[in-house]
Amino acid sequence: MKNARRLKYLAWALAFCFLLRPMPLYAQADVQKTVQEFLQAWYVDRKSPEELRSYVAKDNGFTLAQKAHPANAPALAVQVDPVSQLFNGAFTKAPAGLELTRPKTLGEMIEYAPAKKQAAMASSGQQTCLSSNEFAVCKPEQLPKGAVLPASKPSGNDPVASYLWHLSQAYKNKLYIVLYSTKGAGLLRETAIQYWIQEGNSWKLAAFEGTNW
């Protein structure tokens, strides 16, 4: 009886330890939830860069632009914090004498236009990105090869391309791409590409690319 009890307790302990182990977060829905919270905090709630840093990965590419900065550049330009610059730079100042009404929902700030097309493709059985009217969460293989990640190892001296290649190799099945366009009042108009990776049991923002227009 004692041996049976010991085995029973051992089984419980092993099961408990297994639950405590970091589990891989492969589901796009998990990433979507974190991204939703982050974008809400950034664009709608306008949290400070200090508050938003908790979403940024330790292995991030935000300092690459500084490393590639010309040696003869003004000292102040080099000292700009790239994370704060990114978060604060998303907003534009209202014209003198005009007060902008701040949107209250994320849907008023950003959009993912192909959402309806993605839904139609999904109904036909094609593997598509997980999308809403606000943004899409995609596995790298769900996007055209070479569109958001280098198709092969970069041979030149391009730190951004090298870093994105690093992400594609070091975070297989732990890397997702987020796509959307900004549209809200007071926002810099751009199409955004975000790179999210798994660190521990959390999803973190590793890189951001925006196309101003």
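First, a word on what this report is: a plain description of the structure on this page. The shown structure was predicted, so the numbers you read here are calculated from the model rather than taken from an experiment.

Section: the state of the cysteines
Chemically, a disulfide is nothing more than a covalent bond linking the sulfur atoms of two cysteines.
Part 1 of the reasoning: Per the counting criterion, the structure on display carries 1 disulfide.
Part 2 of the reasoning: With its sulfur 2.1 Å from that of its partner, Cys129 forms a disulfide with Cys138. Between Cys129 and Cys138, the S-S dihedral sits near 110 degrees, and the bridge is therefore right-handed.
Part 3 of the reasoning: Residue classification places Cys129 among the buried positions, given a relative accessible area of 6%.

Here's the deal with the nonpolar core
Among soluble globular proteins, nonpolar side chains are generally buried collectively.
Part 1 of the reasoning: Residues Phe38, Leu39, Trp42, Tyr43, Phe135, Tyr180 and Trp196 are the most contacted members of the largest nonpolar core, which totals 30 residues.
Part 2 of the reasoning: Contributing elements (two or more residues each) for this core: helix H2 (28-44), helix H6 (82-89), strand E4 (175-182), strand E5 (190-199) and strand E6 (202-212).
Part 3 of the reasoning: Element by element, the count of residues in this core is highest for H2, at 8 residues.
Part 4 of the reasoning: When sequence neighbours within four positions are dropped, the list of residues in contact with Leu39 reads Val44, Leu106, Ile110, Phe135, Tyr180 and Gln194.
Part 5 of the reasoning: Of all hydrophobic cores here, the second largest spans 21 residues; its members include Val148, Leu175, Ile177 and Ile197.

Regarding H2
Part 1 of the reasoning: Between its first and last C-alpha atoms H2 spans 23 Å; for 17 residues at 1.5 Å apiece the expected length is 24 Å, and the two agree.
Part 2 of the reasoning: Of the positions making up H2, those classed as buried are Gln28, Val31, Gln32, Thr34, Val35, Phe38, Leu39, Ala41, Trp42, Tyr43 and Val44.
Part 3 of the reasoning: Trailing H2 by a residue or two, Arg46 shows a phi angle of about 50 degrees, which is positive.

Comments concerning the packing of aromatic side chains
Part 1 of the reasoning: One pass over the structure, following the stated rule, counts 9 aromatic pairs.
Part 2 of the reasoning: Ring geometry for Trp42 and Tyr43: centres 4.4 Å apart, planes at 15 degrees, overall stacked.
Part 3 of the reasoning: You can call Trp42 buried: its relative accessible area is 1%.
Part 4 of the reasoning: With a relative accessible area of 1%, Tyr43 lands in the buried category.
Part 5 of the reasoning: Ring geometry for Trp42 and Phe208: centres 5.9 Å apart, planes at 70 degrees, overall edge-to-face. Of this pair, Trp42 sits in helix H2 while Phe208 sits in strand E6, placing them 166 residues apart in sequence.

Structural notes on the pairing of E4
Part 1 of the reasoning: Within E4, 8 of the 8 residues are buried, leaving the element largely enclosed by the surrounding structure.
Part 2 of the reasoning: The alternating pattern of E4 places Leu175, Ile177, Leu179 and Ser181 on one face and Tyr176, Val178, Tyr180 and Thr182 on the opposite face, and all of these are buried.
Part 3 of the reasoning: As paired elements, strand E1 (residues 110-111) and E4 share 2 bridges and run antiparallel to each other. If you follow Glu111 over to E4, its bridge partner there is Ser181.
Part 4 of the reasoning: Alignment of strand E3 (residues 136-138) against E4, held across 3 bridges, turns out to be antiparallel. Paired with Cys138 across the bridge in E4 is Ile177.
Part 5 of the reasoning: In the sheet, E4 pairs with E5 via 7 bridges, with the strands oriented antiparallel. Bridge pairing in E5 links Ile177 to Tyr195.

What about the pattern of salt bridges?
Part 1 of the reasoning: Applying the stated criterion to the full structure yields 2 salt bridges.
Part 2 of the reasoning: The partner of Asp81 in a salt bridge is Arg53, with the nearest N and O atoms 2.1 Å apart. Within this pair, whereas Asp81 is found in the loop between helix H5 (75-78) and H6, its partner Arg53 is found in the loop between helix H3 (49-52) and helix H4 (64-67), the two being separated by 28 residues in sequence.
Part 3 of the reasoning: Classification of Asp81 as partly exposed rests on a relative accessible area of 28%.
Part 4 of the reasoning: The shortest N-O distance in the salt bridge between Lys183 and Glu111 comes to 3.8 Å.

Basis of the calculations
Here, residues in each chain are numbered from 1, in the same order as that chain's written sequence. Only residues with pLDDT of at least 70 are given local features in this predicted model, and only at 80 or more are side-chain atom pairs given and counted; all residues enter the totals for whole chains, interfaces and linings. Excluded from the side-chain calculations are hydrogens and water; all other atoms, namely the structure's heavy atoms, are used. Here, the term disulfide refers to a pair of cysteine sulfur atoms separated by no more than 2.5 Å. Think of it in three bands: with a 1.4 Å probe and only protein chains considered, a residue is buried below 20% of the maximum accessible area for its type, exposed above 50%, and partly exposed in between. For the purposes of this section, nonpolar cores are sets of buried Ala, Val, Leu, Ile, Met, Phe, Trp, Tyr and Cys residues that join through side-chain atoms within 4.5 Å. Labels follow the DSSP assignment, with helices taken as runs of H or I lasting at least four residues and strands as runs of E lasting at least two, numbered in each case from the N terminus. Here, two residues are considered to be in contact whenever any of their heavy atoms come within 4.5 Å of each other. Here the expected span of a helix is defined as 1.5 Å times the quantity of residues minus one. Stacked, tilted and edge-to-face pairs are distinguished by plane angle, under 30 degrees for stacked and over 60 for edge-to-face with tilted covering the rest, among Phe, Tyr and Trp rings (Trp via its six-membered ring) whose centres lie within 6.5 Å. Between any two strands, pairing holds if DSSP finds at least two bridges. Any carboxyl oxygen of Asp or Glu within 4 Å of a side-chain nitrogen of Lys or Arg constitutes a salt bridge here.

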